[in-house]
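Residue-level structure breakdown
Residue strings, one per chain:
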Amino acid sequence: MHEYIGAIHIHSVFSDGTGEVPDIAKYADEVGLDFIMLTDHNTVRALHEGYEKWYGNTLLLVGCEINDKENKNHYLAFGIDEAFSTRTPAKKYVSKVKELGGIGFIAHPHEKRTHKEHPAYPWVDWEIEDFTGIEIWNHMSEWVENLTEENKYRSFLHPLRTITSPPKETLKVWDELSQKRKVVGIGGIDAHAHKYNLVGFLEVEIFPYKVLFKSIRTHVLLDKEIKKGKAHKDIETAKWQIYDSLREGKCFVANDYVAESKGFRFYAEQNRKIFHMGETIPDSKNILFHILLPGTESEIRLIRNGHLVEVVKGISAEFEINKKGAYRVEIYKDERAWIYSNHIRIGI
C-alpha cells in the first residue's frame, strides 16, 4: 500500500478564509503534505479558475462545503463541478453528490459551541443516508469548544495544544452507523486563518494554515503509486485515486502534532487473504487483526461496535477475532489521542 498524507476542510478568500489559494498550497508543500482539499462555502470557483493542480509535491483538490438555508447540515462535497444553492434541502444535495459520482462527508456533526462570533453549525437531519462518511475530528470546532477565559491567551498563541480527541458523541454515532453500512471517518482542520485583536492592539492570526497543516490529518492508502504529472489527465487520475480511497474507507485519521503517524497499519488476515480498513469480511472465522505503529510504544485500543474490547501497549499487536461487528482501533500516545482507524466490518 502507498500512503499519502493530506489535510481536509480548508477555506480561502473565495469564501470566509484569508488566504489566497496558491499561498495555502505553498504552505502545505512546505510542511510536506501530499494533498490538501479545499472546501470553500457553496462555491467551487477555485476549480473553474484552474487552481486544482500540483504545487511542488502537494496536490490541491477543490471541493466545497454546502449548507442548507438555516446554515445547518454542513456537507463537505468532492468530485463535483458545481455547488448547490443554499435553498436546496440537505437530503437533496447529499443525494445529488452521490448521483454525480462524488463523495461527501458530514462536517462537524455535533458542534455545541456557544460563542457569538462562532456559533454551532450541527448536522440535524440524521434520516439522510446517502453520505459517504463523517468528519469525526474537526480542529476548529474542538478548539472553540475548549476555549475558556483561563486558557484563552495560551489557546490563541498555541492553537495545537488544546486539541485532545474527537467528540464522544460523534464516535458513538459513527460506530452505530457502521454496524449497518460502511461509513467512512475523516479528519478536518476547518482552516480559515482568521485574525483577531487579543487586547485591542495585538492582532493575532488564529489557525494559521501552516500551523494547522501539522495537526489533524487524513492518511489515505492506495494500491498504486500516484504519478505527479502536470497534464490534466494525470491530475484527474491522481485526484480520483485519493477520492476512491476515501470512498472505500482505506484511510485513517491522526493528530500528527502528537507524533508522526506515517506507517500506521490496521488490517485483517483470514486464510492468508488480507482485508484493509473499509472492507467487510463475510464471516467471523479464523480472523487475525494486525496493528503496526510507527515510533515508540503506545496504547492500542480495540473497539467493537463502539465498545472497548481490549487494550495493549506496544508498537504492534495482534487480536484473534471470532465475533461479528464493526471493529476499529484507537491509539493513545503518552495519554493523548493520536490515531483513529476506519472500521473493518465482520459478518455484517
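Check the entry above for the structure.
Definitions and cut-offs
Residues numbered from 1 in each chain as written. Predicted model: local features only at pLDDT ≥ 70, side-chain atom pairs only at ≥ 80, totals over all residues. Heavy atoms only, no water. Salt bridge = Lys/Arg side-chain N within 4 Å of Asp/Glu carboxyl O. Buried < 20%, exposed > 50% of the residue type's maximum accessible area, 1.4 Å probe, protein only. Helix = DSSP H or I, 4+ residues; strand = E, 2+ residues; numbered from the N terminus. Arc of directions from axis to C-beta. Contact = heavy atoms within 4.5 Å. Phe/Tyr/Trp six-rings, centres within 6.5 Å; stacked < 30°, edge-to-face > 60°. Pairing = 2+ DSSP bridges. Axes fitted to C-alpha atoms, helices over the stretch in contact; angles between N-to-C directions.

Looking at the pattern of salt bridges
Per the stated rule, a full pass over the model turns up 17 salt bridges. Glu-49 is the partner of Arg-45 in a salt bridge, and the nearest nitrogen-oxygen pair spans 2.6 Å. Classification of Arg-45 by relative accessible area gives partly exposed; the value is 45%. A residue is classified by how much of its surface remains accessible, and Glu-49, at 41% relative accessible area, is partly exposed.

Quick notes on helix α1 (residues 21-31)
Within α1 the residues assigned to the buried category are Val-21, Ile-24, Ala-25 and Ala-28. Down the axis of α1, the buried set is contained in an arc of 95°. They therefore lie on one face. On the buried face of α1, the contacting elements are β1 (2-10), β2 (35-41), α2 (45-48), β3 (54-55), β4 (58-66) and α7 (209-212). Gly-32 sits one or two residues past α1 and shows a positive phi near 100°.

Considerations on the packing of aromatic side chains
For the structure shown, the criterion picks out 9 aromatic pairs. Centre to centre, the rings of Trp-240 and Tyr-243 are 5.2 Å apart; their planes meet at 90°, and the pair counts as edge-to-face. A residue pair is termed a helical-turn pair when its members lie 3 or 4 positions apart in one helix, as Trp-240 and Tyr-243 do in helix α8 (residues 232-248) at 3 residues. With relative accessibility at 25%, the residue Trp-240 sits in the partly exposed group. Judged by relative accessible area, Tyr-243 falls into the buried class, the value being 0%.

Here's the deal with the sheet that holds strand β13 (residues 265-270)
The strand order β14-β13-β16-β19 describes an open sheet built from 4 strands, whose pairing is antiparallel. Lying at the two open borders of the sheet, with one neighbouring strand each, are β14 (273-276) and β19 (316-321). Across the sheet, the axes of successive neighbouring strands diverge by a mean angle of 25°, strand direction being ignored. One ladder, built from 6 bridges, connects β13 with strand β16 (residues 287-292); its direction is antiparallel. Within β16, the position partnered with Gln-270 by the bridge is Ile-287.

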